[in-house]
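Understanding the architecture of this molecule
Spelled out, the chains give:
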Amino acid sequence: MNRKLLVACISGALCMAVAAQQANVPDLSKRQTAAPGDAPSDAGPAATDLSAAITKRDIARAMQRVADWQLQRLPAEAQYDWTYGALYAGMMAVPEDIAGDKYRAAMRRVGEELAWQPGPRVLHADDQVVSQMYLEQYMLSHDDRMLAPTRARIDAQVNTPDDPTKPLWWWCDALFMAPPVLADLAAITHDDKYWTFMDHQWHIADNLLYDRKEHLFSRDLTFLDRYEKNGRRVFWSRGNGWVMAGLVRVIDRMPAGSPLREKYIARLQEMAAAVIKVQGADGLWRPGLLGAGSYPLPEISGSAFITFALAYGVNHQLLPAATYLPAIHKAWGGMLKHIYADGRLGCIQPVGAAPAPLSETSSYVYGVGAFLLAGTEIYSTAR
């Protein structure tokens, strides 16, 4: 990519407009963002026919109830933003014997409508998470249309020098959004430049945001001096869930002999030990991990991402089953209590950047994606 084109791409909107004209694909910079969820005053009755038993039959029933409810509510116009990108990751994970082909077909339709393009902001992780779905679709069909736009975008990013005044991944959520895309590209292309770039940027974010005493991530640098009412530091459950989920999705793509594996596994192990200490009696985590008493309701998106990471760790012998399986099963049972009869998954904190109040009916697409990731990992070893 020549320098003039790279400069144009970094402007984001200009890049997408030029691409739309040249390739007759939709200009995503002009696409309206659909609401990712809602919180009605009355969501109807809670589901009474779901069981917390750790059996394939019971897990499948809960997953399909939630996935079908959300699938029916996809916007008429396909979405590319981070909220939906996280949902797509969960939809792609659903096993074939839980109607996974149906969900993957729906995701393929989304990709086709978006022409397999990442979002318009070239360097922004939030506009890259959708590529996790694209690249998983590519792994299934090896259709180059699904790969080329993401590879071109990431190559432009890799070739862009760091800005010393603003880290690329300056907020912890970004560690779910972008690193798995780089890991997927490395796995597909066998080009280690993606691992090198990912590890470099992760190291920067980790040094800025990871608390080596609490073994948790601050959401961003503005949270280094924020405290809960009890005097403990503010550590957002969804933010740390993003990081833990990002860790396991990256680890999953790493070659067994990679020299990077050890430090990523160590970070997962430290965070797992930290979160299990503050798991609620109901099996779930509150919006503020170290200030649970200030939050009367649990938060499902953070709880589900954490559960996904813990289950992956146990299933791949990275975490001891004797310690973590009881916590995983308790968390799964806790999440099922927030499913409504029609399949709505409630108690999901709305879009935000910090622990905040929420309502029991509040349902957002990224929380559903997290729930499906957690359910899939638990299902894989259920009886």
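Here goes a summary of the coordinates provided.

Moving on, we come to unusual backbone geometry. Even without a glycine there, the phi angle at Ala115 is positive, about 55°. Structurally, Ala115 is set in the loop between helix 5 (100-113) and helix 6 (130-141). At His190, a position not held by glycine, the phi torsion is positive, near 60°. If you trace the backbone, His190 turns up in the loop between helix 9 (179-189) and helix 10 (193-209).

Topologically, Asp143 is positioned in the loop between helix 6 and helix 7 (144-158). Overall, Asp143 belongs to the buried group, its relative accessible area being 19%. A polar contact of 2.8 Å, which involves the side chain of Asp143, links it to the side chain of Arg145. Sequence-distant contacts of Asp143, that is, excluding residues within four places in its chain, are made with Arg108 and Tyr138.

Applying the stated rule across the entire model yields 12 aromatic pairs. On the numbers, 5.3 Å between centres and 75° between planes, the contact of Trp116 with Tyr134 is edge-to-face. Here Trp116 is found in the loop between helix 5 and helix 6, whereas its partner Tyr134 is found in helix 6, with 18 residues between them in sequence. Taking the relative accessible area as the measure of exposure, Tyr134 reaches 0% and is therefore buried. For the pair Trp332 and Phe371, a centre-to-centre distance of 4.9 Å together with 15° between the ring planes defines the contact as stacked. With a gap of 39 residues between them, Trp332 in helix 14 (residues 321-336) and Phe371 in helix 15 (residues 365-379) connect regions that are remote in the sequence. Residues Trp332 and Phe371 agree in their burial class; the two are buried. Grouped by ring-pair contacts, the aromatic residues Trp82, Phe176, Trp242, Phe305, Tyr364 and Tyr366 constitute a single cluster. When the ring centre of Phe223 is taken as origin, the NZ or CZ atom of Arg226, which lies over that ring, is 4.0 Å away.

Time to look at helix 11 (residues 237-253). Given a rise of 1.5 Å per residue, 17 residues ought to cover 24 Å, and the 25 Å separating the end C-alpha atoms of helix 11 matches this to within 8%. Counting buried residues along helix 11, 15 of its 17 residues qualify, which places the element largely inside the surrounding structure.

The tally for this structure, following the rule as stated, stands at 27 salt bridges. Across the salt bridge formed by Arg57 and Asp58, the nearest N and O atoms sit 3.7 Å from each other. With relative accessibility at 63%, the residue Arg57 sits in the exposed group. A relative accessible area of 14% means that Asp58 is categorised as buried. In this structure, the salt-bridge partner of Arg145 is Glu112, at a minimum N-O distance of 2.9 Å. In this pair, Arg145 is assigned in helix 7 and Glu112 in helix 5, connecting sequence segments 33 residues apart. Given a relative accessible area of 41%, Arg145 falls into the partly exposed group. Connected through shared salt-bridge partners, Arg108, Glu112, Asp143 and Arg145 make up one network.

About the criteria used
Residues numbered from 1 in each chain as written. Predicted model: local features only at pLDDT ≥ 70, side-chain atom pairs only at ≥ 80, totals over all residues. Heavy atoms only, no water. Helix = DSSP H or I, 4+ residues; strand = E, 2+ residues; numbered from the N terminus. Buried < 20%, exposed > 50% of the residue type's maximum accessible area, 1.4 Å probe, protein only. Polar contact = N/O pair within 3.5 Å; in protein donor to acceptor, adjacent residues only side chain to side chain. Contact = heavy atoms within 4.5 Å. Phe/Tyr/Trp six-rings, centres within 6.5 Å; stacked < 30°, edge-to-face > 60°. Lys NZ or Arg CZ within 6 Å of the ring centre and 35° of its normal. Expected span 1.5 Å × (residues − 1). Salt bridge = Lys/Arg side-chain N within 4 Å of Asp/Glu carboxyl O.

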